[in-house]
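So the chains spell out like this:
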Amino acid sequence: MHRSENRYRGGDEPAGIDTRHALSFGPFYDPDNLRFGPILACNEERLERGSGFEEHPHSHTEIVTWVVEGELTHRDSAGHSTVVRPGDVAHLSAASGVRHVERNDGTDPLTFLQMWLAPLEPGGEPSYTVVPGIADSTPYALPGAGAMFHVRRLTENERTAVPDAVRLYVHVVRGTIALDGEELGPGDAARITDAQGLSAVALAGPAELLVWELAG
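These figures come from a predicted structure and were not determined experimentally. (Residues numbered from 1 in each chain as written. Predicted model: local features only at pLDDT ≥ 70, side-chain atom pairs only at ≥ 80, totals over all residues. Heavy atoms only, no water.)

Participant: I'm lost on the overall build of the protein in this one. Help?
Facilitator: A tally of helices and strands in the protein yields 0 helices and 18 strands. Taken over the C-alpha trace, the protein has a radius of gyration of 17 Å; the compact-globule value for 216 residues is 17 Å, and the two agree within 12%. Overall, the protein is about 45 × 40 × 35 Å in size when its C-alpha atoms are taken along their principal axes. Classification of the 216 residues of the protein by burial places 52% in the buried group. (Helix = DSSP H or I, 4+ residues; strand = E, 2+ residues; numbered from the N terminus. Rg over C-alpha atoms; globule rule 2.2 N^0.38 Å. Buried < 20%, exposed > 50% of the residue type's maximum accessible area, 1.4 Å probe, protein only.)

Participant: So what exactly am I meant to see when it comes to the side chain of Arg 7 here?
Facilitator: Among the structural elements, Arg 7 can be located in the segment before β1 (8–12). Among the polar contacts listed, one links the side chain of Arg 7 to the side chain of Ser 4, at a separation of 2.7 Å. Residues within four places of Arg 7 in sequence aside, it is in contact with Arg 20, His 21, Ala 22, Glu 44, His 171 and Gly 187. (Polar contact = N/O pair within 3.5 Å; in protein donor to acceptor, adjacent residues only side chain to side chain. Contact = heavy atoms within 4.5 Å.)

Participant: Help me understand the sheet that holds strand β7 (residues 81–84), please; the structure alone is not making it clear to me.
Facilitator: Strand pairing in a sheet takes place through backbone hydrogen bonds and is either antiparallel or parallel in direction. Strands sit in the order β4-β9-β6-β7 across an open sheet of 4 strands; the sheet is antiparallel. Here the strands that pair on one side only, and so sit at the sheet edges, are β4 (52–58) and β7. Here the average twist between neighbouring strands, direction ignored, is 20°. Pairing analysis gives 4 bridges linking strand β6 (residues 72–76) to β7, with the strands arranged antiparallel. Looking at β7, one finds that Arg 75 is bridged to Ser 81. (Pairing = 2+ DSSP bridges. Axes fitted to C-alpha atoms, helices over the stretch in contact; angles between N-to-C directions.)

Participant: Hey, could you run me through the sheet that holds strand β10 (residues 110–117) in this one?
Facilitator: What the 7 strands build is an open sheet, ordered β1-β2-β3-β10-β5-β8-β11; its pairing is antiparallel. Either end of the sheet is taken by a strand with one partner, and the two such strands are β1 and β11 (127–131). Within this sheet the neighbouring strands show an average axis-to-axis angle of 20°, counted without direction. Where strand β5 (residues 62–69) meets β10, 7 bridges bridge the pair, whose relative direction is antiparallel.

Participant: Can you help me understand unusual backbone geometry in this one?
Facilitator: Residues apart from glycine generally show negative phi values, whereas peptide bonds are mostly found in trans. Notably, Asn 157 is not glycine yet its phi reads approximately 75°, a positive angle. Within the secondary structure, Asn 157 sits in the loop between β13 (147–154) and β14 (159–161). Asn 157 gets classed as exposed once you look at its relative accessible area, which sits at 60%. Non-glycine residue Asp 180 carries a positive phi angle of around 50°.

Participant: Help me out: how do you make sense of the pattern of salt bridges in this one?
Facilitator: Charged atoms that come close allow side chains of opposite charge to pair. The full count for this structure, using the stated rule, is 13 salt bridges. The salt bridge involving Asp 18 is made with Arg 20; its shortest N-O contact spans 2.5 Å. By relative accessible area, which is 19% here, Asp 18 ends up buried. Of the residues examined, Arg 20 reaches a relative accessible area of 21% and is grouped as partly exposed. The closest approach of N and O atoms between Glu 55 and Arg 99, which form a salt bridge, is 3.0 Å. You can see Glu 55 sitting in strand β4 and its partner Arg 99 sitting in strand β9 (residues 98–103), a full 44 residues away along the chain. Taking the relative accessible area as the measure of exposure, Arg 99 reaches 35% and is therefore partly exposed. Three or more residues joined by partner-sharing salt bridges are found here, namely Asp 136, Arg 153, Arg 174 and Glu 208. (Salt bridge = Lys/Arg side-chain N within 4 Å of Asp/Glu carboxyl O.)

Participant: When you look at the packing of aromatic side chains in this model, what are you seeing that I'm missing?
Facilitator: The tally for this structure, following the rule as stated, stands at 5 aromatic pairs. Judged by centre distance (6.0 Å) and plane angle (15°), the rings of Tyr 8 and Phe 28 are stacked. In this pair, Tyr 8 sits in strand β1 while Phe 28 sits in the loop between β2 (17–21) and β3 (39–47), placing the two residues 20 residues apart along the sequence. The class for Phe 28 is partly exposed, based on a relative accessible area of 27%. Through a chain of ring-to-ring contacts, three or more aromatic side chains come together here, namely Trp 66, Phe 149 and Trp 212. A cation over an aromatic ring shows up here: Arg 167 above the ring of Phe 36, its NZ or CZ 5.3 Å from the ring centre. (Phe/Tyr/Trp six-rings, centres within 6.5 Å; stacked < 30°, edge-to-face > 60°. Lys NZ or Arg CZ within 6 Å of the ring centre and 35° of its normal.)

Structure, rendered in structure tokens:
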């Protein structure tokens, strides 16, 4: 179990950017917390109105974004321009290289989770996909990273099975859940190997959790 209060704090407070890193990232180097399977980063970003990340490069990385509240404006060098809202899954495959901008151009504060995964094979052409309003019953596949992304939304006392997997990464967005007898609250995460027959129950709802089913 990895608790919210133990994440590395980053960002740029004067610029309206507050970041929490779940894994070793940038200047927050921790040789014992570099990655979990293909997951390289799980960053919680909070952007004030008018703030954001100006154009910057990525390569050989699969980047999945989940908006918690507010609206995220995305523009990239491949010609994509969109607004990502709560319930949407945004996937940027950086491939051989792409540059992009991420901003809060909305009227409210913005909170989003961004998860970086290592591809099974480097190179290729960059791509960008947004799946609007993804349902709990419709996971999003990232075959290029050997991963499957699931969303679970629970009412209080509701229970849901989590996938059996070689590796399983569970991040609680809101509410409080019990997973295999352990209580997790907002921002807490579980990293599980050889997951078999596990379930999560909402202790205080509504609860929302993101689940990565990882092949290796």
